[in-house]
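Examining the three-dimensional arrangement
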Amino acid sequence: IFSLFLIGLLSDTNKLSSVSKRFLLQILIIIFFIFVNNSFIPEIKIIFFDNLLNKYKIISYIFTSFCLLILLNGSNFIDGVNIQCSGYYFAIICALLLLPKSLFNLDLYNQLLIIFAFLLVFIFFNFFDQCYLGDSGSYLVSFLVGTLLIKVINENPISPYFIALLLWYPAFENLFSIIRRLVFNKKSIDNADNQHLHHLLYRSFKNKSNLFKKNITGVMINLYNFIIFLIGINYLYDSYVQVILILISIIFYSLTYKILKNNLSNEIR
């Protein structure tokens, strides 16, 4: 965990600016972590793929590593305005704390409370522009919560798609950004831009202070996600409902992005 934090810290201080090098180091550290802790995603409710996960450990390690890599880098993508990334993971922790306490052993529940307390304090200062996650913070928080969620799914018979619902936003932001840069903008995927959803939403608020725009953007995005999480909590064991909620969120994201993009384009014209 400290190694991933260190990679982010080197990136924040411009001592490790190469995206490919950071990605390679992330892969090595995550695979090592999964191997040592024997912590991997057990199933995704697709029989053929679940059989592969159970039969071949190497596939389990690769798949789990792939999911965590998407989560880490997607979380870095959404860390663009105040309380967005930290607030998103705070919403996840709040959703987990609303679940029956019997789903968690004592150690796991205490870990939830520790992360809850840390994020609560951080969000307070971040709201007033006094601190930021940066790459180091987004890697740290996303990895802690991601591995914690793997523990939750390994210890309970709840639908794995509830966990996917909790993590849909950074994962889809990652995928959407890659497609947008490669297909539509004809740019390299490591070419940073200001065309993420939060950037468009931020720019849609006119004649407001920067602090207000950063805070309201993060609050609006996280409020939507928390509402979706609350709905998902009522269908913990129903994978069909969880998948529908994920699809609704993806459609809502895409439509919102298109509307904001068109409005901003029309203003420029």
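Provided above is the structure to which this section pertains.
Quick caveat, the model's predicted, so the values are computed rather than measured.

Taken together, the side chains of Val121, Phe124, Phe125, Phe127 and Phe128 make up a nonpolar region of the molecular surface, amounting to roughly 480 Å² of accessible area. Looking at where valine 121 falls in the secondary structure, it is placed in helix H6 (residues 106-127). Owing to a relative accessible area of 49%, valine 121 belongs among the partly exposed residues under this scheme.

So, on to the packing of aromatic side chains. Enumeration according to the criterion identifies 25 aromatic pairs in this entry. Taking 6.2 Å as the distance between ring centres and 45 degrees as the angle between the ring planes, the aromatic pair formed by phenylalanine 104 and tyrosine 109 counts as tilted. Each member of the pair, phenylalanine 104 as well as tyrosine 109, carries the same accessibility label: buried. Judged by centre distance (4.8 Å) and plane angle (20 degrees), the rings of tyrosine 224 and phenylalanine 252 are stacked. With tyrosine 224 in helix H11 (residues 210-233) and phenylalanine 252 in helix H12 (residues 239-268), the pair connects residues that are 28 residues apart, well separated along the chain. Relative accessible area serves as the criterion here: at 45%, phenylalanine 252 is assigned to the partly exposed category. Pairwise contacts between aromatic rings join Tyr88, Tyr89, Trp168, Tyr169, Phe172, Phe176, Phe229, Tyr253 and Tyr257 into one cluster.

Scoring rules and cut-offs
- Residues numbered from 1 in each chain as written.
- Predicted model: local features only at pLDDT ≥ 70, side-chain atom pairs only at ≥ 80, totals over all residues.
- Heavy atoms only, no water.
- Patch = residues over 30% accessible without salt bridge, like charges linked within 9 Å, V, L, I, M, F, W, Y side chains within 5 Å.
- Areas by Shrake-Rupley, 256 points an atom, 1.4 Å probe, with all protein chains shown as cover.
- Salt bridge = Lys/Arg side-chain N within 4 Å of Asp/Glu carboxyl O.
- Helix = DSSP H or I, 4+ residues; strand = E, 2+ residues; numbered from the N terminus.
- Buried < 20%, exposed > 50% of the residue type's maximum accessible area, 1.4 Å probe, protein only.
- Phe/Tyr/Trp six-rings, centres within 6.5 Å; stacked < 30°, edge-to-face > 60°.

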